[in-house]
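# Report on the structure
One-letter residues, chain by chain:
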Amino acid sequence: MFSLVVSSILVILLFAVNYFYSAGIRGASLLSFILVFILVIIVSPRSLYWLWVSLCLLVVIGLLVIEYHLPNSVQVSYVDDKALFVDIAFTYATGIVVSFFSLFYLKEAYNKEKKSSDQKAIELAQLNDEKLKLFSIISHDLQAPLSSLHSYVRLVASERLAADERKQVERGLANALHGTQEMLSNMLVWSQSQLRGLHVELVQNNVSEILMPVIDIQKIYAAQKGIAMETCLDQSLQAMVDRDMLQLIVRNLLNNAIKFTLSGGYIRISVVRSGERCRILVEDNGIGMSKEQQVELFSLRTRSTYGTNNERGIGLGLFLCKEYTVAQNGNIAFESELGKGTTFSLSLPLVN
C-alpha cells in the first residue's frame, strides 16, 4: 500500500513538472493527467479514491493558476504547429485506448462479481429451502412416536393390554423413540453449529478407546434387531481428533447400518492402520443403496427415510458425518450395492 501511494504521487509530480516543458495548457499535458488519474484509480483500493481525486484536482488547478500568473514559466517545446497537433493527437489516441481497456477491465470485474453474487444468492436460497424442508420433515416425523407414546400410555392406563401385547408395543415404542432420539440429537448438533459456528478441538486420542462406548451401546440396539456386530480394533492407533465429533460420526454410521440391515445380518466395524492414516470401516450386508440415493448421500437435501423395521430418519446424520470428518482433516467415502450392503470408510491422520 505504501509503495503504491509513493509511486503514484511521484508519477503525478513528474507529469506536473512535464507540464512546464510541454507548452502548458496549449499542449497535451492536461490530457496526460486524465490518463494518469484513470490508471491510478484502477490500481488503487477504494479507500484511497478521495486522495487521488483531491490531489489531481489540486495539482491541475495549481498548474493553471501558476501558468496564468506566470506565463513565462511555461516553455513551448514544439518546433511548429504540426508537432503540436501530432502530440495532442497521439495523447488523445492513447487516452482512448487506455480508457477502453480500463473500462473493459472494470466492467468484466463487475460482471464477474455480479455473477458470483447471484450464484451465492441462488445457493443461499436453496440452502434456506432445504432448511425449511428439514424443519417440516422433523415436525412431521416427531408426530408418529409421540402419538404412539400417547396411545401406549392410554392403553396402559386402561389396563387392556395382555402381557404379550404389552411387550410387543414396548419394543415398537422403544425403536420409535430410539430413532427419534437420534434424529433430535443430530438436529441439535447441527443447529448449534449453525448458530455458533463449527468449533473443533483436535487432541491426541486413542481411537479405539473413543469408539468403544459408542460401539457397546449400538451393540445393544443391533442385538434387539437380531443383528450380529463384530469388531476388529487396533488398540495402538493414536490420532488428532475431536472426541465428540468422532463419536457422533461413528454413532451415525453404526445407527444407519443397523437401520438398513435385516434381522439375521451382520455389521463389522474395524479400526486399522493404512500408511500414515487411521481407517475406520463400518461394513454391513444390508439392503444397500441405489445410484440415485448415493448421489445425494452427504448433501442437506433431506427427506424421510425408513429402515428395514420402518425406523425413521431424515438423512441429516450423514451430512454431519461429512462436515465433521472434513473439520478433522479427514475424508469419508463409501461403497454400496443394492441388495448386498454398504461399507463406509473414514480416514484420519495418525499421530507420528
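No experiment lies behind these values; they were computed from the predicted model shown. (Residues numbered from 1 in each chain as written. Predicted model: local features only at pLDDT ≥ 70, side-chain atom pairs only at ≥ 80, totals over all residues. Heavy atoms only, no water.)

## Structural notes on the packing of aromatic side chains
- Under the criterion given, the structure shown has 1 aromatic pair.
- The interplanar angle of 40° and the centroid separation of 5.8 Å between the aromatic rings of F334 and F344 together place this pair among those described as tilted. Here F334, found in strand β8 (residues 331-337), pairs with F344, found in strand β9 (residues 341-349); they are 10 residues apart in sequence, far enough to count as distant.
- For F334, a relative accessible area of 22% puts it in the partly exposed group.
- Here F344 falls in the buried class, since its relative accessible area comes to 6%. (Phe/Tyr/Trp six-rings, centres within 6.5 Å; stacked < 30°, edge-to-face > 60°. Helix = DSSP H or I, 4+ residues; strand = E, 2+ residues; numbered from the N terminus. Buried < 20%, exposed > 50% of the residue type's maximum accessible area, 1.4 Å probe, protein only.)

## Focus: unusual backbone geometry
- Positioned with a positive phi, N329 is a non-glycine residue whose angle comes to about 60°.
- For N329, a relative accessible area of 51% translates into the label exposed.

## A short note on the sheet that holds strand β2 (residues 228-233)
- Within the open sheet, the 5 strands sit side by side as β2-β4-β5-β9-β8. Their pairing is mixed. The strands lining the two open edges of the sheet, one partner per strand, are β2 and β8. Sheet twist, expressed as the average angle between the axes of neighbouring strands with direction ignored, equals 10°.
- Across 6 bridges, β2 lies against strand β4 (residues 266-274) in parallel orientation. Residue pairing for β4: L233 is matched across the bridge by V271. (Pairing = 2+ DSSP bridges. Axes fitted to C-alpha atoms, helices over the stretch in contact; angles between N-to-C directions.)

## Notes on the pattern of salt bridges
- For the structure on display, the rule yields 4 salt bridges.
- For D118, the salt bridge goes to K114, with nearest N and O atoms at 3.3 Å. Within this pair, D118 and its partner K114 are both found in helix α4 (residues 81-158), separated by 4 residues, close to a single helical turn.
- Assessed through its relative accessible area of 37%, D118 is described here as partly exposed.
- In this structure, K340 engages E337 in a salt bridge whose closest nitrogen and oxygen atoms are separated by 3.4 Å.
- Classification of K340 as exposed rests on a relative accessible area of 58%.
- Salt bridges sharing partners connect three or more residues here, namely E230, R268 and E283. (Salt bridge = Lys/Arg side-chain N within 4 Å of Asp/Glu carboxyl O.)

## Digging into the packing of helix α2 (residues 29-43) against helix α3 (residues 49-69)
- Interhelical geometry of α2 versus α3 gives an angle of 170° and a closest axis separation of 10 Å. Comparing the axis directions of α2 and α3 gives the class roughly antiparallel. The residues of α3 that touch α2, namely those facing L30, F33, F37, V40 and I41, are Y49, W52, V53, C56, V59, V60, L63 and L64.
- Looking at the contact of α2 with α3 residue by residue, the class counts come to 13 nonpolar, no polar and no charged. (Parallel < 35°, antiparallel > 145°, perpendicular 65-115°, else oblique. Contact = heavy atoms within 4.5 Å. Nonpolar A, V, L, I, M, F, W, Y, C, P; charged D, E, K, R; others polar.)

## Describing helix α1 (residues 2-19)
- Along its 18 residues, α1 runs 26 Å from first to last C-alpha, staying within 8% of the 26 Å computed at 1.5 Å per residue.
- Taken as a whole, α1 has its buried residues at V5, S8, I12, A16 and Y19. The buried residues of α1 all sit within an arc of 80° when viewed along its axis, so they share a single face. Across from the buried face of α1, at angles greater than 90 degrees, the exposed residues are F2, S3 and L14.
- Tucked inside the fold, the buried residues of α1 contact α2 and α3. (Expected span 1.5 Å × (residues − 1). Arc of directions from axis to C-beta.)

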